[in-house]
Each structure stands twice: as C-alpha cells, then as structure tokens.
Amino acid sequence: MIEPIELVIFDCDGVLVDSEVIAVRVLVQLGEEFGWPLTEAEAIERFVGRSEAANHAMVAERFDEETATLFDKRFRALHAEAVDAGLTPVDGLPEALDALETLALPTCVASSGTHEKMRHTLGRTGLYGRFEGRIFSATEVGRGKPAPDLFLHAARRMGVDPARCLVVEDSGPGVQAARAAGMRALGYAGGVTAAERLAGPGTVVFDDMRELPGLIAAYQG
C-alpha cells in the first residue's frame, strides 16, 4: 500500500532560489584563481548538492587545510556579492508555492547550506517568511547529502514518518539522500543538473516548477 504524503521537504539552492548557477560560476572562477581548472560540468559533479563541510574536505584533499579555508572564505564572499546583485526565486516557484497552499500540506526546507546562507538567500528573494521555523541545515547532522541524515532529521523534527515525506530536489546527491531516507522524490531538472543524474527509483523528474502543485497533488490520490 502506498503511503499518502504528509510533508513536502524542499531543498533550497536550485529549488527555491536560483543560486546554483551563481555557485557554479563562482566555483569556475575560483578554480582559475587557485590553479584548479574546473569546467562548469566538473563544478556541478564535484560540488553541487553537497554540504560545505564535504566541499571543504575535497578542496583540502586537493591542496591543504589552509588553502581550503581561504577557498571557503573567497567563495562565501563572491557568492554573497552575486546574491545581492540579483538573486531571484527559481522561475515559477512563487506561483507553485501559492498553489500548494490549497493542498494544506505541511512544508519545510532541508538544505546543505548553512542557516546563515539560507537567511541571506531566502531573505533576499522574499521567501524566508514562508518557511521560517521549519528550516533545517546539514550543519545540524553528522553527514550531509547523499547520506539520509538531514532528511530524516527534518522528518523527525516535523513529526512525520519518512515514508510519508516527499522531497523536492535538484541535485544528484539530493535525490540519492531522499532514496536512502526511504522517501519519494521529485527531481527538478530545470536547473544545472541534467535529468539523467536525477532519475532513479521512487523519483519523478520534471523541468518546470509550474508543474509542481499537480505532481504533488497526484500523490494525494
């Protein structure tokens, strides 16, 4: 028997706010600065969807701890500057959230980003108030995506069985984390991650946020 959905868990970057394009651009720029040539595809493959701790460890392995700390500092500064210069919600997302209110389904956010970063990006786009008090970060758990820890933490805090949760994600590590948590997923392929990297068991791939309310409603029978 298929469990009905009682909670929709949103990723943040690339699902709510159109920030992954910014992140990839900054990563390619930093690769040039630090002598690590990165194409956009490589930046997406290595960094997108993972926690800051995991990305820091990867840079430290490539260089050393001191360089990784400097890389992190430069990334945060350049990313924040670009966010302030013109970050927007993902196309069609505000309208989708409005339509979702008619379904009366609880929602929350579970992101690889820090709370500080989400306050900035969600605040800059006027979305913070929609999720305030229901925002969870990978900094709260031992392992970030693709491990299931963050999604299980969010479900526990929201008081919902993982089998009754639906995750909206836009990265390979994100959909892997949802599957590992025993949750169904909607993989948004309208951003930087190709559809084939999102496809898999228990996952429906879509490329227009305007489809989201209908996709979620379908899980309600």
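Residues numbered from 1 in each chain as written. Predicted model: local features only at pLDDT ≥ 70, side-chain atom pairs only at ≥ 80, totals over all residues. Heavy atoms only, no water.

So, about the overall build of the protein. When helices and strands are tallied, the protein shows 11 helices and 6 strands. By the compact-globule yardstick of 17 Å for 221 residues, the protein fits well, its C-alpha radius of gyration being 17 Å. Counting all 221 residues of the protein, 51% fall into the buried class. Sequence separation of at least 24 residues holds for 66% of the intrachain contacts in the protein that already meet a minimum separation of 6. On the protein, roughly 9900 Å² of surface is accessible, and the fraction owed to carbon and sulfur atoms is 51%. Side-chain charges in the protein split into 21 positive and 34 negative, and the spacing between the mean points of these groups amounts to 3 Å. (Helix = DSSP H or I, 4+ residues; strand = E, 2+ residues; numbered from the N terminus. Rg over C-alpha atoms; globule rule 2.2 N^0.38 Å. Buried < 20%, exposed > 50% of the residue type's maximum accessible area, 1.4 Å probe, protein only. Contact = heavy atoms within 4.5 Å. Areas by Shrake-Rupley, 256 points an atom, 1.4 Å probe, with all protein chains shown as cover. Lys, Arg positive; Asp, Glu negative; His and termini not counted. Charge placed at Lys NZ, Arg CZ, Asp CG, Glu CD.)

Position of Asp 11 among the secondary structure elements: in the loop between strand 1 (7–10) and helix 1 (20–34). Here Lys 145 takes part through its side chain, which lies 3.1 Å from a polar atom of the side chain of Asp 11. Those residues in contact with Asp 11 that lie beyond four places of it in its chain are Leu 16, Val 109, Ala 110, Ser 111, Ser 112, Lys 145, Val 168, Glu 169 and Asp 170. (Polar contact = N/O pair within 3.5 Å; in protein donor to acceptor, adjacent residues only side chain to side chain.)

Here the residue pair Lys 145 and Pro 146 is connected by a cis peptide bond, since its omega of 15° sits within 30 degrees of zero. Along the chain, the position of Pro 146 falls in the loop between strand 3 (135–137) and helix 8 (149–158). Notably, Ala 104 is not glycine yet its phi reads approximately 55°, a positive angle. Here Ala 104 is to be found in the loop between helix 5 (93–100) and strand 2 (107–111).

Another point: the pattern of salt bridges. Charged atoms that come close allow side chains of opposite charge to pair. Counted under the stated rule, the structure contains 13 salt bridges. Of the charged contacts in the structure, one is a salt bridge between Asp 11 and Lys 145, with a shortest N-O distance of 3.1 Å. Residue Asp 11 is located in the loop between strand 1 and helix 1, and its partner Lys 145 is located in the loop between strand 3 and helix 8; the two are separated by 134 residues in the primary sequence. Accessibility assignment for this pair places Asp 11 and Lys 145 in one class, buried. Across the pair Lys 145 and Glu 169 runs a salt bridge, and its minimum N-O distance is 2.6 Å. In this pair, Lys 145 is assigned in the loop between strand 3 and helix 8 and Glu 169 in strand 4 (residues 165–169), connecting sequence segments 24 residues apart. Comparing Lys 145 with Glu 169, the two get one shared label, buried. Here the salt bridges share partners, and the residues they tie into one network are Glu 3, Glu 6 and Arg 164. (Salt bridge = Lys/Arg side-chain N within 4 Å of Asp/Glu carboxyl O.)

Turning to its location among the elements, Gly 174 is positioned in helix 9 (residues 172–180). Sequence separation of Gly 174 and Gly 144 is 30 residues, and the distance between their C-alpha atoms is 9.4 Å.

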